[in-house]
Each structure stands twice: as C-alpha cells, then as structure tokens.
Amino acid sequence: MPARDDILNRLRTALRQPELRFPPPETHRLTADDRMTVGTAEGDRWALARRFGAELETLHGTFEIVETLAEARMAAIGRLQMWVAEELAGRRTERPEQPGDRDILIWSPDALPIDGLTPALSDLEFRVIEPQNLHDPDERERVRYARAGITGVDAAFAATGTVVLGAGPHKSRAASLTPFRHLLLVPISRIFPTAEAWMAKMRQDGTLTDFLRESRNVALVSGPSKSADLEGILTMGVHGPKILHAVIFDDIEAMIRG
Amino acid sequence: MQKSSFSTPPRRVALFVTCMADMLYPGVGIAATELLERQGIEVVFPMEQTCCGQPAFNAGYRDEARVLARRFLQVFGPMVENGSVQAIVAPSGSCVTMTSHFYDVLFEDSKEQPLRQLAQRLASVTFELTEFLVDVLGVTDTHARLEGTVTYHPCCHLLRELGVDEQPRKLLAAVDGAQVVELPDAVDCCGFGGLFAVKNAGISGAMGRRKADNLARSGADVVAMCDVSCMTHINGILSREKIDCRAVHIAEILNGQLGSRLHPPEEEPPMTLERPRRWQDATAADAAAKGEKGGD
Amino acid sequence: MAVINLEAPFKERVANALGDSHLAPAVVRATDRMLQARHKAMNSIDGEGLRTQTRQMKEDVLRHLPDYLEQLERNFQANGIVVHWARDGVEAGEIVRGIGLQNGAKTVVKSKSMATEEIHLNHVLEQAGLKVVETDLGEYIIQLAGEPPSHIVAPVIHKRLEEIAEIFHEKLDMPRTMDPTEITSAARVRLRNEFFGAQMGVSGCNFAIAETGTICIVTNEGNGRMVSSMPKVYVVVMGIEKVVPTVEDALLQLQALTRSSTGQQMTVYCSMTSGPRQPDQPDGPEQVHVVLMDNGRLQMLERGYGEALLCVRCGACLNVCPVYQEIGGHAYGSTYNGPIGAVISPALAPEIARFKELPHATTLCGACRDVCPVKIDLPRLLVDLRSDLVEAKTNPRVEQLAIQGYVKAMSSREMYERGGKFASVASNLLAGLTGGEIKWMPPPLNGWTDHRDFPPFAKKSFREWWEERQKLRNRE
Ligand code: SF4
C-alpha cells in the first residue's frame, strides 16, 4: 500500500477506537463568532498610524508620518540619500564605495503606492533595479549586492507593527529581504487595527484565500531581522534587513480629492 | 474536582494524617488536630488508615496503587457516606492531590465506575488543612506567635493541582511577631519528586541546592510549607549544606508550636490534654490581651 | 566545554551535564529571559483565552485529521506543490535525497527544523554527497561545533559567547572576537553566499493551512524566507499533525506560538508559501515539495498519547522546567528534550523502553502544563508513560519488589505499625551514629543521602500519641 493510504487508513482506524484516550470524541470547531482578537488597537486613522509606528519602534524599526503623497516621495528619497551618506561615513577611507551602495531593489511602479520614484532616484545616481527573474545568473548577481530595497505593503497591523507583503508579478520578494536596508511605503488606508481585523475584511470581501494562493508567498514582517542566539544578546540584521524604516502617508485625502 | 460548599459548617472531620507525618513528624499531626479542635471541630482519627498510595502511582505501578486506594476508600468512605464526618482533612497538599485527583485516574476503567464515583464524592469533601481552615471555616488568624523571619514555599501539588496558595499565605501573614519575607523563585519545584529524589538523585540534589540558595537569600529563619515530604528533602539539603534556615510544616507555626525538627527536643510529644508549649501560652496570653476568649 | 556524547548512558549524560559548571547558569539565564517575556506577552492580553482557543482548534484538527490532511493535499496539488507521504524517517529522508539528486543539487540551505532533526536529514543528504548548511544563526553555530540542538527554539542555549567566539575562530578562521555584532555579520556574509548559491532549500513547517494549501514557517532572522525564496527547489518536511483548517486558525496558532515561545507579539517573519512562483513572478522557487511525515505520530496516537500531538513546539515547557534548567537539552539524549521531549521521545520511538529514563527524569511539578499554550497535561502523560513502562516490564526487578513490599506493608494496620516501629528503631540507631541526622543509607537509598540528610523516624508516632490521648480522655 502506498504510504499515503497506509497513513490515512491507520489514522482513521485509530480515531474510530472508542477507548482511544485522546482526542475526545466530540470537539468544537471554532466559528467566526467565537474567535477572539488577541491584541487591540483603537482610534482614528492617525491614531492607528501612530500606534503602528510606535510598535515598529519597539521592534527596532523607525517611522515617519507625512500628510501627502508628495511629502512621502520626498521623505523616501531623503531617507535613501541619508542611508548612503551614513554608510559612506561609517566606512574606512581606502574603500569608499562598494558594489551595491547605490543599488536599490524596488517593486514595479504598478505595485508601489507612490509614483515617480524611479526617475527621481535615477536622477540622483541611484541604480534602481526592478527584479524580473532572480534565477537568471546575471540578475541574481546584481540583486545580491543591492544595499537598499523599497516596497509598498498589502496591509499593516497597528497593534503589532506588522506589514503584509504579498509576492506578485510586480512585487519582488527580494526587495524586502536581501538588502541591508528596507524602506516601507505605508499608505494609511492599508493600516488595520489588528491582523484579525484585516482577515475579517478580506474574508468578507471573499479575497482572503485567493490572496494567499495567488501571491504564492505572503510574508508577515514585524520589524527588522534579529536574533538572540548569542547568549541572549540581541543582534540585528542576521539575514534580512538590519534597518527598517516606514514612511506612513495619508492616501485617503488623495483618494477623496481623486 | 468540584468542592462541596457546606450549608451548615462541618462539626466532625476525619483526619488523614498521612503516613509520613504519622511516623516521621507526629508533631504535625498533633498541630493539625489541635488547630481543628480549637475551632470547635471534633477530630476523628481512623486507626486503620495508612498511605494513600502515591509512591506506587507516581512510579507507574497502578495495580499496586489501586490496592492502597481501595483501602483508603474503605477506611474513609463509610464515615463520609453515613454522615458521621462531614469532611476529610489532611496536612498535605500532595496526599490530597492523590486522593482527590489521581484516584480518578486509577479508577478510570469502565469496570471501576462505582469506586471512581465514591472517590469523587470523597474528593468533594477532602481538604488540605489550610484550605479547610480558610475556605471552609473562614479562619484567617490562628492567633499564633513566632519570633523570627518566615518565608513560604508553595509545594507543587498544592499550588498547581489544588490551586491552594492564598490560604496558607493568609494564615502565615496573621502570625504575630513573624516577619514574612518573599522567597525568590518561590514557585520553582524543590526537586523532591518522590522516587525521583533517589532515581535521579543528582538532579534532585541540584534542584534542592538551588532552592536552598534562594532560602539563604531570602534571609528567612524558617520556611513554612504544607507538605512534610518536600520539607524532609529541603531540610536534608539545608542541613547538609549547613544553611541556617529550617523547613517546618505550616501547622506547627499556626498552632504556635515550632516543629520538633527545628530544635529537636529530647522529650516526646506532650501527652496531656492541655498544651503546655510556650507558643501555646503565648497564644492564650495574646488572645486574653485582645479580650478574646482563648483557645477552646 | 563538556563533551557531548548522546550515545552515553543516561546517568553518564546527566552526570556530565551536572558536572559542567557553566551549563546550568547559561541555561537558566536564557530560559528565564524567554519565560519572563512569555509571561509579559501572555498577561498583556487574554492569555487564558488564547490558550483555550488554540487548544480547541488543535483538538478539532486531531479529531478530523484525515479529512484535513486530504483537503491540504488537494490544495497543495492545486497550487502546484508536489506532495509526498512518508511513513517513517527513512522514507522521508529518501524522498528528500531523491529530490536533491534529481535536481542536481550540490548545496542545500536549511532553516531550523525539528522534523528534519528527528530524521537526521543532514546526515542522509551528506551521505549522498550534498553539502548541507544550517542557516539559523544558532543552528549554524552548533553545526560548526558538530553538535545537535539543545533546545527546540534556541538551539545553542547551552553555549557561552566565549565558546561561540572560539568556534568561529577555529572553523571559519576568523579573528577572535567577543563582539556579537561582528560574529553576526560574519555569519551573514558567509550564509549569504550559501543562500545565493544553493540549489535547494529545506525547512520544516510550523503549520500548514488546509483551505489554501499554504506552508507557514516562522523565524526572526529571515532565513526561513531566504530558504523558501532563493533556491530553485524548496522542500518542506512536516509532521502530519501540523495542519490547521483555515487562515484564521493559522493566525491563532501563530500568536499562541510566538507569545509563549519568545514572548513576541508577532515573530519578525512569518513566511507563507502557497506554491512555486507564478511564471510572471520575479522570484521564488520553481518547485515546491512537501513531505507529509508520520514517523511515529500515529503510533503515539494509538498508544494514547495523542494529546502530545497538539504541541506547537514553542519551548515554553523547557524554559519553565527546573530539571531542564539543571541539565540542559543534551542530557536527554533525544531530538526533543524538556518535558515535551520526555513524553514524545518514548511515545514516538518504536519501543517506549528506548527512552525509558526520560519519563522518570521529572518531579511532576506541573509548571510545564501551566505555561503550555495548548494546555497539554504533561505531568499526566508522564505518569501514564511510567505506567506503560511498568507494563512493558522495563523497570528494574528490585524496584518492583520494593514497591510490592511497600504496598503489602501499607495494606494492613498491624504490618504498618510494626514496620513503623522497626523503622523508628533502625533509623534512630543509624542517626545516633552520625549525630542526629542520617547521613548514610545503604543502596539504593544512598541516592538520598549522597545529597541530603534524612531525619530519623519519630520515637513515638502520631497514632501512638492519639491512642494515649484517647485513653486519657476516656479516663476523665
Ligand atoms: S508541550 Fe506545550 S509548552 Fe511544550 S513545546 Fe509543546 S506547545 Fe510548547
């Protein structure tokens, strides 16, 4: 008998035994009404934005909240310039620039909540890379050394400082994973109080399961990469980004104005 | 296990002294008896009682444990069922756990349901001593006196299986003259664990020494607890490590007589009806000073 | 550094652990830190509610496991994931090795996984000529040191920074440094090469969602995302009990797990893979394989230990366990250690006697049950195992005789009283020799007196006092 049928048959037989010590014969399947919300966050959209930022800060990330798309664009560009300057300042003089210093991995404009970033950054002598196929050896090599990544978010949870990053045709996973620094563009309209609230909304809209399946990979990210494996001492940036900065901006105003 | 809520307060209780207290620490049984009697409770001691069977149960010898469990139910069952006692009280959280929780496991088998039900009925009226004093009798002060620093070690079964913790702490806090201090990492197991202490003596010893270190750090002269088994282990370690602290059963403090193990007296336990111990005198004098009617 | 020899007898392993003066302090420090974070994370919310619901969810999964597994399989396949089934570790190992060889893999990057530890996958792959690289920082360190993990979630908990620095110096030819940041960035650079060069990624699975066919792995470092995103082939080895019905259930378990494990509200990364990349996606694996593995789990259920299948491997029971704190993980000599290890190591093994010491290496203090996010009654399972061990006749004959003797003595009042008298005389004699307390007892009781004194029995028992008092009263 193939392993599959063997296992399933044996399992069914075992579960039919009346004197089986565990599990109990009757169990209760949780319903939408039973389910608890584990953490909470309250208030209007600004309160949620601040809470999201505050939570991100406790996770060793940083954030800024701005009001318009234009300000968000400026903030993003400013942050990237600052990062390069920081990096160069902290380095020994004999090797001022390294491959990748000015390379930025980015989601395609279609997937980003702010337009015009790529041309603006290119003007500032950044090399903006929109990954197309990471299994291509040349591209893989180019992606490898990029020091910064820019992505949007599919959703964010205020209570835990978490962002949801779905993969997709225009949404490279690498942009949020391999670089040392990760810039998150977080439209306020995407901030939900909790993960449960986001799921409930998606479930209601009938999009939750499709979102997971079609994205093929969805990452919940809460802060920069870290480890406590060395005697419990916190170290940052083990494999993922060491620095995580969120630019939170009000897209609702913009939406209303059209 | 659902505990009985008494409509009329119990007047007669059976004392399950436990085999260890009986043979090693009679003072604990005496203190328990006197504490109960002072509350106007008539104490009955069924002479046929021996051991609850926990050592066999914990070691996995269920058939053997069932022999002793049946015996316990035979000794205590009828007196509870015919109403001649309203409760069973034991100065041990661990033994009460055995009779109240683990008998239920022992008689799980469908053939054993009558015994299981009997065990459950008994469990609903079986209490650890401090639990009985506080929860059933509503006692919060036993008018005891103790000069010195005291801390409290919650024994695992009492704390986690019976959920009894506030009760002994409350009674201890009321002891006159005693300075009650917190024990660091109080809820950590002392490392006794029955046969574990012999089977895994090295680990048990290490855990005991950690407890002893914490006792030393607490600065307490005595550490009170509700089980003589853990007390034996802790005292054994304290004495071996020459740490100036002694473990005593809480009943001995609450009854105003420190255990004979603290200052081993040469004379034997008193055999008179009055209680001539100095703690007792202090308690009586104290009560008189407060204008209350003393003891009995 | 203590020698780690998992093949040594249990007593010897324990003695080694107790003899290592650095071990317990290191373990205590780390476990206390995790435990305090856990308490904070659980107490800041309705922790009891979270535990109750997670348990309810998992109980329901176990009751309907075959159905959920079939649903999971269907959705995996619909998403383009290749599903394999393995009865035991050998089959699972062969499947993974086969996938590796078929794809011409030379280097395999792995994200920390207890399921693959269980089947010694690294060894299997290395035998086939593949290079296996553990990528969790802690796991990487112990792989360099040639040791197994000593904790379910914090594999290198037993090592001090000095020792880690020495390993990096020795194995990676790195200048000696005690700076954690430097050690971390050295690991980052080296492992980055492996992530970009490896042909195959392997991970376990924290939970898999039946309704969507999704594999979820949680990490703090990001290696889970790397392993599931960078190589062309991604292989998941999961125990059959890891399935959860819905996305909401996954969220529930995720929160129970992270809060009770490291005390985080959310783990840094939860990577959820529902298949190989779509043709128009820039990155992600081209093949995803899942090995659904039994390896003793069914037998555990059949033996009556199904409750242990609720375990989400958070490690809280290890952190709170005073025995684990004294001896660390290696002394257990099994893949899983601490209280849950003491239950599932024998319950998963073909012969429970294989790990017969473990169920006895606990005081049954119950602290583990109180922190378990799915409320597994570990002490109960441990006494059940002890009873099964008695039935399997694996205990020493002398122990059985001693227990029978004790039960006999306790079965009649006469014998009990006579025994008490005898013990009183004998123990007082013994105590008299050493001045008050008994400092020596013959084997097997020397276990007691090796570490602590024993008081002599009372000269007059309680029952004697009682009888005399009754007489006195009757005379009045
Ligand atoms: S038994 Fe409970 S506490 Fe222990 S690892 Fe499993 S889930 Fe965590």
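Concerning the overall build of chain B
Okay, so step 1: When its secondary structure is counted, chain B shows 14 helices and eight strands.
Okay, so step 2: Look at the contacts in chain B between residues 6 or more apart in sequence, and 79% of them connect residues 24 or more apart.
Okay, so step 3: Roughly 10600 Å² of accessible area belongs to chain B as shown, and the carbon and sulfur atoms make up 49% of that amount.

As for the sheet that holds strand E10 (residues 287–293) of chain C
Residue and element names in this part refer to chain C.
Okay, so step 1: Judged by pairing direction, the sheet is parallel, and its six strands sit side by side in the order E1-E10-E7-E4-E2-E3 without closing on themselves. Of all the strands in the sheet, the pair left with one neighbour each is strand E1 (82–86) and strand E3 (131–134). In this sheet, adjacent strand axes meet at a mean angle of 20° when their direction is disregarded.
Okay, so step 2: Pairing analysis gives four bridges linking strand E4 (residues 200–203) to strand E7 (residues 233–239), with the strands arranged parallel. Its bridge partner lying in E7, methionine 200 is registered against valine 233.
Okay, so step 3: Where helix H4 (residues 65–78) meets the sheet, its contacts fall on E1, E7 and E10, and the angle it forms with E1 comes to roughly 145°.

With respect to the site of the ligand
Okay, so step 1: Near the ligand, the surroundings consist of Cys311(C), Val312(C), Arg313(C), Cys314(C), Gly315(C), Cys317(C), Ile340(C), Cys372(C), Pro373(C), Val374(C), Ile376(C) and Leu378(C).
Okay, so step 2: Taken together, the residues of the shell around the ligand sort by class into 10 nonpolar, one polar and one charged.

So, the domain arrangement of chain C
Okay, so step 1: Examined at the domain level, chain C breaks down into domain 1 (45–295) and domain 2 (397–475).
Okay, so step 2: Each of domain 1 of chain C and domain 2 of chain C has a C-alpha centre, and these two points are 55 Å apart.

Brief notes about the interface of chain B and chain C
Okay, so step 1: With 73 residues of chain B at the interface, the matching set in chain C holds 69 residues.
Okay, so step 2: Across the chain B/chain C interface, buried area totals approximately 6400 Å², and carbon plus sulfur atoms make up 60% of it.
Okay, so step 3: Here chain B is connected to chain C by 10 salt bridges.
Okay, so step 4: The tally of links between chain B and chain C comes to 33 residue pairs in polar contact (both at pLDDT 80 or more).
Okay, so step 5: The element contributing the most residues to the side of chain B that touches chain C is helix H11 (residues 201–218) of chain B, with nine residues.
Okay, so step 6: When grouped by side-chain class, the residues that make up the side of chain B that touches chain C number 37 nonpolar, 20 polar and 16 charged.

A word on the interface of chain C and chain A
Okay, so step 1: Contact with chain C, which involves 114 residues of that partner, is made by 87 residues of chain A.
Okay, so step 2: Taken together, both faces of the contact between chain C and chain A bury some 8900 Å²; the carbon and sulfur share is 55%.
Okay, so step 3: Of all residues in chain C, Arg63(C), Arg188(C) and Arg225(C) bury the most surface against chain A, accounting for 9% of the area lost on that side.
Okay, so step 4: The interface formed by chain C and chain A holds 12 salt bridges in total.
Okay, so step 5: Ionic pairing is found between Arg12(A) and Glu70(C), a salt bridge with its closest N-O pair at 3.4 Å.
Okay, so step 6: At the surface where chain C touches chain A, the tally comes to 62 residue pairs in polar contact (both at pLDDT 80 or more).
Okay, so step 7: Across the side of chain C that touches chain A, the residue classes tally to 46 nonpolar, 33 polar and 35 charged.

Focus: the sheet that holds strand E2 (residues 103–106) of chain A
Residues and elements named next belong to chain A.
Okay, so step 1: Strands sit in the order E1-E12-E7-E4-E2-E3 across an open sheet of six strands; the sheet is parallel. Sheet topology places strand E1 (62–66) and strand E3 (127–129) at the edges, where each strand pairs with a single neighbour. Neighbour-to-neighbour, the strand axes of the sheet open up by a mean angle of 20°, direction not taken into account.
Okay, so step 2: In the sheet, strand E4 (residues 148–151) pairs with strand E7 (residues 181–187) via four bridges, with the strands oriented parallel. Within E7, the residue paired with threonine 151 across the bridge is leucine 184.
Okay, so step 3: Here helix H2 (residues 45–58) sits on the sheet and contacts E1, E7 and strand E12 (243–249); the angle it forms with E1, its principal contact strand, is near 160°.
Okay, so step 4: Sheet strands touched by helix H3 (residues 69–89): E1, E2, E4, E7 and E12. Its angle to E7, the strand with the most contacts, is close to 170°.

Considerations on the environment of His64(C)
All names here are of chain C.
Okay, so step 1: If you trace the backbone, histidine 64 turns up in the loop between helix H3 (47–63) and H4.
Okay, so step 2: Residue class for histidine 64 comes out partly exposed when judged on its relative accessible area of 31%.
Okay, so step 3: Considered as a pair, histidine 64 and leucine 137 are 73 residues apart in the sequence and their alpha carbons are 37 Å apart.

Looking at the domain arrangement of chain B
Frequently, the measure chosen for interface size is the accessible area removed from exposure when the parts meet.
Residue and element names in this part refer to chain B.
Okay, so step 1: Examined at the domain level, chain B breaks down into domain 1 (12–136) and domain 2 (145–276).
Okay, so step 2: Here the C-alpha centroids of domain 1 and domain 2 sit 22 Å apart.
Okay, so step 3: Taken together, the contact pairs 31 residues of domain 1 with 26 residues of domain 2.
Okay, so step 4: Roughly 2400 Å² of surface becomes buried between domain 1 and domain 2 when both sides are summed, with 65% attributable to carbon and sulfur atoms.
Okay, so step 5: On inspection of domain 1 and its partner domain 2, the count reaches 10 residue pairs in polar contact (both at pLDDT 80 or more).
Okay, so step 6: Elements supplying a minimum of two residues to the side of domain 1 that touches domain 2: helix H1 (19–24), helix H2 (26–38), helix H3 (54–59), helix H5 (93–106) and helix H7 (129–136).
Okay, so step 7: Element by element, the count of residues in the side of domain 1 that touches domain 2 is highest for H2, at nine residues.
Okay, so step 8: A breakdown of the residues in the side of domain 1 that touches domain 2 according to their chemical character gives 18 nonpolar, eight polar and five charged.

Conventions we followed
- Residues numbered from 1 in each chain as written.
- Chains lettered and ligands numbered in written order.
- Predicted model: local features only at pLDDT ≥ 70, side-chain atom pairs only at ≥ 80, totals over all residues.
- Heavy atoms only, no water.
- Helix = DSSP H or I, 4+ residues; strand = E, 2+ residues; numbered from the N terminus.
- Contact = heavy atoms within 4.5 Å.
- Areas by Shrake-Rupley, 256 points an atom, 1.4 Å probe, with all protein chains shown as cover.
- Pairing = 2+ DSSP bridges.
- Axes fitted to C-alpha atoms, helices over the stretch in contact; angles between N-to-C directions.
- Near = heavy atom within 4 Å.
- Nonpolar A, V, L, I, M, F, W, Y, C, P; charged D, E, K, R; others polar.
- Domains from an automatic or database assignment.
- Buried area = accessible area lost by both parts, 1.4 Å probe.
- Salt bridge = Lys/Arg side-chain N within 4 Å of Asp/Glu carboxyl O.
- Polar contact = N/O pair within 3.5 Å; in protein donor to acceptor, adjacent residues only side chain to side chain.
- Buried < 20%, exposed > 50% of the residue type's maximum accessible area, 1.4 Å probe, protein only.

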